[in-house]
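Take a look at the letters that make up each chain.
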Amino acid sequence: MKTIGILTSGGDAPGMNAAIRAVVRTALDKGLKVMGIQRGYSGLINGEIFEMNRHSVSDIIHRGGTILRTARCEEFRTEEGRKRAAKVLKVFGIDGLVVIGGDGSFTGARLLSELGVSAVGIPGTIDNDLAYTQYTIGFDTALNTVLDAINKIRDTSTSHERVSVVEVMGRNCGDIALYAGLAGGAESVIIPEKGYNLNELCRNILEGKLRGKMHNLIVLAEGVGGAEELAKKIEEVTGIITRATILGHIQRGGSPSAFDRVLAARLGAKAIEVLLEGKKARVVGIRDGKVIDQDINEALSTKREFDEELFDIARALSY
Ligand SMILES: Nc1ncnc2c1ncn2[C@@H]1O[C@H](COP(=O)(O)OP(=O)(O)OP(=O)(O)O)[C@@H](O)[C@H]1O
Ligand SMILES: O=P(O)(O)OC[C@H]1O[C@](O)(CO)[C@@H](O)[C@@H]1O
């Protein structure tokens, strides 16, 4: 292995820059040449590739977003697109590719490895939806952004004695909602893994009010439905003014937390180690506090185990 390439793909996540920095500087420290690929798989197909040095990643550890930019690339979903990508890697003499992204990006990396490319994936997505790793880079920062918002919404919700529905990201994974709901003391957490019953939800709200609750905070994962729609339904049933807040892309930005930066450093270093060992199709992650690497196929087929215990704690503490 002489030259590695690095790209970020899919949705950006706070900590991606810290991961790029870790990959670039570890690789250079090991005597490798590093090529930065811009705009994910799109930039790879189009040859948007430049050489990186230690200075290329100066002053980025604390920045959100990704200096390499990111993209969702339709062309890469076709075999023809991936064949072009593999050829471009050859043209630039890149023998190992580091992909920072989520499950879609990893699927792309897996398919690319079938064309003979040595690829390693680093989990970078706020969703925390990759089952093989306990945490993905960006999740902790997004969680803290949501928590900050919940604290603020709680203030106004209490003053006006209203119900507030806060919609958070996470597509098919309720982790942002569950962890933020638990940390923010929400009355209800609605996530795709569990669904919800409108009558039960409204009954909890009314019983809470009778017990003297001044506010009622509901954290809703986007995958279950829209906050506006739910707020309307709640207001119709309970008669209590209900406001909806959609946090949206604010969750994807901002300076990464210490946890995400340390995770990014550890996973970035591991990715280079894995490539230097000559492994072909791997992902890196964290389990029980230890950095691990695993076959990409195995990792992608790992089923997510929902944390019932955590959900139950959130429920028990919520009323
Ligand atoms: N099945 C697939 N085959 C080939 N390439 C894929 C596939 N799925 C995704 N990709 C490639 O990976 C890119 C990123 O995937 P996707 O948009 O699903 O984001 P992600 O990596 O899952 O990140 P996030 O979780 O933040 O959305 C896609 O635009 C596409 O180029
Ligand atoms: O606006 P975009 O880039 O399409 O991404 C939205 C999606 O990406 C994610 O934020 C993950 O990065 C999901 O939670 C969300 O559904």
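Scoring rules and cut-offs
Residues numbered from 1 in each chain as written. Chains lettered and ligands numbered in written order. Predicted model: local features only at pLDDT ≥ 70, side-chain atom pairs only at ≥ 80, totals over all residues. Heavy atoms only, no water. Pairing = 2+ DSSP bridges. Helix = DSSP H or I, 4+ residues; strand = E, 2+ residues; numbered from the N terminus. Axes fitted to C-alpha atoms, helices over the stretch in contact; angles between N-to-C directions. Contact = heavy atoms within 4.5 Å. Domains from an automatic or database assignment. Buried area = accessible area lost by both parts, 1.4 Å probe. Salt bridge = Lys/Arg side-chain N within 4 Å of Asp/Glu carboxyl O.

With that settled, consider the sheet that holds strand S1 (residues 3–8). The strand order across the open sheet built from seven strands is S3-S2-S1-S4-S5-S10-S11, with neighbouring strands paired in mixed fashion. Only two strands of the sheet have a single neighbouring strand rather than two, namely strand S3 (49–52) and strand S11 (290–295). Pairs of neighbouring strands in the sheet enclose a mean axial angle of 25°, with direction left out of account. The sheet contact formed by strand S2 (residues 33–37) and S3 spans four bridges and is antiparallel. Directly across from Met 35, in S3, lies its bridge partner Glu 51. Packing of helix H4 (residues 103–113) onto the sheet brings it into contact with strand S4 (96–101), strand S5 (118–123) and strand S10 (281–287), and relative to S4 it is tilted by some 165°.

Sheet architecture is open: four strands sit in the order S7-S8-S6-S9, paired in parallel fashion. The open sheet terminates on both sides in strands that have one partner only, identified here as strand S7 (188–190) and strand S9 (242–246). Averaged over all adjacent pairs, the angle separating strand axes in this sheet is 20°, with direction ignored. Where strand S6 (residues 163–168) and S9 come together, five bridges link them in parallel fashion. Among the inter-strand pairings, Val 165 is bridged to a residue of S9, identified as Ala 244. Here helix H6 (residues 175–184) sits on the sheet in contact with S6, S7 and strand S8 (216–221), set at roughly 175° to S7.

Along its sequence, the protein chain is carved into domain 1 (3–138 + 256–301) and domain 2 (140–252). Taking only C-alpha atoms, the centre of domain 1 and the centre of domain 2 are 34 Å apart. Across the contact, 15 residues belong to domain 1 and 12 residues belong to domain 2. Taking both partners together, domain 1 and domain 2 bury about 1100 Å²; carbon and sulfur atoms supply 47% of that area. By the criterion of area lost to domain 2, the three top residues of domain 1 are Asp 12, Ile 126 and Asp 127, representing 43% of everything that side buries. The tally of links from domain 1 across to domain 2 stands at two salt bridges.

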